[in-house]
Amino acid sequence: MGASVLPLQAFLGVILVAFISFCVIIPKPVHGITMHYNFDIKLQNVTRLCKTKSIVSVNGKFPGPRIVAREGDQLLIRVTNHVQKNITLHWHGIRQLRSGWADGPAYITQCPIQTGQNYVYNFTIVGQRGTLWWHAHIAWLRSTVYGPIIILPKRGVPYPFVKPHKEVPIIFGEWFNADTEAIISQALQTGAGPNVSDAYTINGLPGPLYNCSANDTFKLKVKPGKTYLLRLINAALNDELFFSIANHTLTVVDVDAVYVKPFETETLLIAPGQTSNVLLKTKSHYPNAKFFMTARPYATGQGTFDNSTVAGILEYEKPSHSSVSTGKLPLFKPILPALNDTSFATNFTKKLRSLANAQFPANVPQKVDKQFFFTVSLGTIPCQSNQTCQGPSNTTKFQASINNISFVMPTTALLHSHYSGQSNGVYSPDFPISPKNPFNYTGTPPNNTNVSNGTKVVVLSFNTSVELIMQDTSILGAESHPLHLHGFNFFVVGQGFGNYDKNNDPAKFNLIDPVERNTVGVPSGGWVAIRFLADNPGVWFMHCHLEVHTSWGLKMAWIVLDGKLPNQKLLPPPSDLPKC
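Since we're looking at a predicted model, the values are computed, not measured.

**Details of helix α3 (residues 342-350)**
Logical step 1: Buried within α3 we find A345, T346 and F348. Taken around the axis of α3, the buried residues stretch over an arc of 165 degrees, which confines them to a single face.
Logical step 2: Contacts made by the buried residues of α3 are with β14 (250-255), β15 (258-265), β16 (267-270), β18 (290-298) and β28 (490-497).

Here it is in structure tokens:
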């Protein structure tokens, strides 16, 4: 039989199919990959300090699982709630460009995930690399629900510092023997300050300085002559912390997932919400010793706090030829600053500077479209009639505010109300841009310390450049406040003590290489100035990361409107967005 011949039309069709197949097979260049995680919120029995309690956890782990991704990767994290509490998760420090639905603060960007429900957090990591973290963002559940986010540079892109031999996440936390939900519930009812934690932890472990905890000690085993990258995260509920490793110097290279000009220090200060990458260069020879790595609080307020110390142990791998018993080695302890050493805190934060080079520029807004002045204060509200309170007086409860407005949480999500145009009765867009009743903020406080209540927001047009001065006050005592802004990094262009001077202080601002962060400490008895570009449409929470102050109302929200271009608009809500 003769060979059959394809008609020309059929032959061209075969060629076309082959060409399309060839094009499909060739991988297109991509900026990142899609990473999938499953987070199951479940109860887990955990024993610390010789006491066992049932905690809310992720996948039964405490601390929770590690997220590892690269700059440019998309993350799809399915969260399923198996406990009898509502839950949300926040990806602290992730920019969430146009993906505010995945930011996570309860009743701000989403309604909580209820029992038996699930929600997929869907976001892409854009222009970020370093260490961030995730945590529960409802009530006080983040006391046990937290974990690290490790963002590696794009493939082939090196660190702007020596490549480490090993990378180690170190998460500081607080352990409460009692149920944290009960602690804050009782405090809000009585008007008093909440009971403090029973221990601090390193990677969930209290360490040998606490009773019954010698076996619950984090140990970092190292080799001589190596460089280790320590990814530090402060997940504590209510305390800024000093951290040091005995007889070792640390090099700070990154804060809040932004590279900084490297500098050496023996002690770090890290506030709740903040992260820092540091290089640890080990000793060149086996030192015949062990070294404590300890953390304890930096405390400036007048209230009670947990003044204990958490310790881990730095151990060198013993050379094979050594005859020294590791159990008999001397153990060196670091000397940490005093609990209220504001001078150290100030000097440390002043050393933080952006790289501000061609590869990693510091895009500081040079002109300002909108200026805001926020007082950050404690305060009071009257007790209910016929109630005796345990606040500053027996007729008042503790409260906190920004510009004397104590934020009232809505019962539906602000972002959905904004997106759907149904904001009436949910929030009002008249948050004051400065205090309505100015006073000597760091001098003698006013006699009336009562605050107002409201669900008020600031509305910004897309691409507005913002300058915000945050001023601590002496009302109920000056205190450092770590303020966290969702959805943005900002530049810390200035800080000082006393009252901000609008006529003289701006001349001292650093607009060249200020540090870029997502969480900044407002100095005790002082002020801090930040600038950011409102280039991310959505609703963005800003609050003190001392959880007790957030519970008392030290929080507010910014609404950034859509821009004109398609890539300047908030993406539509996902179909599985939880409902209230």
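**Side note on the pattern of salt bridges**
Logical step 1: Applying the stated criterion across every chain yields a total of 13 salt bridges.
Logical step 2: With a closest N to O distance of 2.8 Å, R231 and E167 form a salt bridge. Taken together, the residues span a long stretch of sequence, with R231 in strand β12 (residues 227-234) and E167 in strand β9 (residues 166-175) at a distance of 64 residues.
Logical step 3: The partner of E467 in a salt bridge is R531, with the nearest N and O atoms 2.8 Å apart. Residue E467 is located in strand β26 (residues 464-472), and its partner R531 is located in strand β31 (residues 526-534); the two are separated by 64 residues in the primary sequence. As far as burial versus exposure is concerned, E467 and R531 are alike and both buried.
Logical step 4: Several salt bridges converge on common partners, so that one network encompasses K219, K290 and E315.

**A few points about the side chain of D254**
Logical step 1: With respect to the helices and strands, the residue D254 is situated in strand β14.
Logical step 2: For the buried residue D254, which engages in no salt bridge, the nearest side chain bearing the opposite charge is R231, 6.5 Å off.

**Focus: the sheet that holds strand β2 (residues 51-58)**
Logical step 1: Here we have four strands laid out as an open sheet, ordered β2-β1-β4-β6, and mixed in their pairing. On the outer flanks of this sheet lie β2 and β6 (118-124), each paired with one strand and no other. The average undirected angle you get between the axes of adjacent strands in this sheet is 25 degrees.
Logical step 2: Pairing geometry for strand β1 (residues 34-48) and strand β4 (residues 74-81), over eight bridges, is parallel. Its bridge partner being in β4, T34 is matched across the sheet by Q74.

What counts, and where the lines are drawn
Residues take numbers from 1 onward in each chain, read along the sequence in its written order. Local features in this predicted model are restricted to residues whose pLDDT is 70 or higher, and side-chain atom pairs enter the listing and the counts only when it is 80 or higher, whereas totals over whole chains, interfaces and linings include all residues. Only hydrogens and water are removed before side-chain values are computed, so all heavy atoms of the structure are retained for them. Burial classification: accessible surface area is computed with a 1.4 Å probe over protein chains only, and a residue below 20% of its type maximum counts as buried, one above 50% as exposed, and the rest as partly exposed. Every helix listed is a DSSP run of H or I at least four residues long, and every strand listed is a run of E at least two residues long, numbered separately from the N terminus. What the arc covers is the set of directions going from the helix axis to the C-beta atoms. In what follows, residue pairs with any heavy atoms lying within 4.5 Å of each other are defined as contacts. Put simply, a salt bridge is a Lys or Arg side-chain nitrogen that is within 4 Å of an Asp or Glu carboxyl oxygen. In this charge count, Lys and Arg are treated as positive and Asp and Glu as negative; neither His nor the chain ends contribute. Strand pairing requires that DSSP identify at least two bridges connecting the strands. Interaxial angles span 0 to 180 degrees and are taken between N-to-C directions of axes, which are lines fitted to C-alpha atoms, for helices over the stretch in contact.

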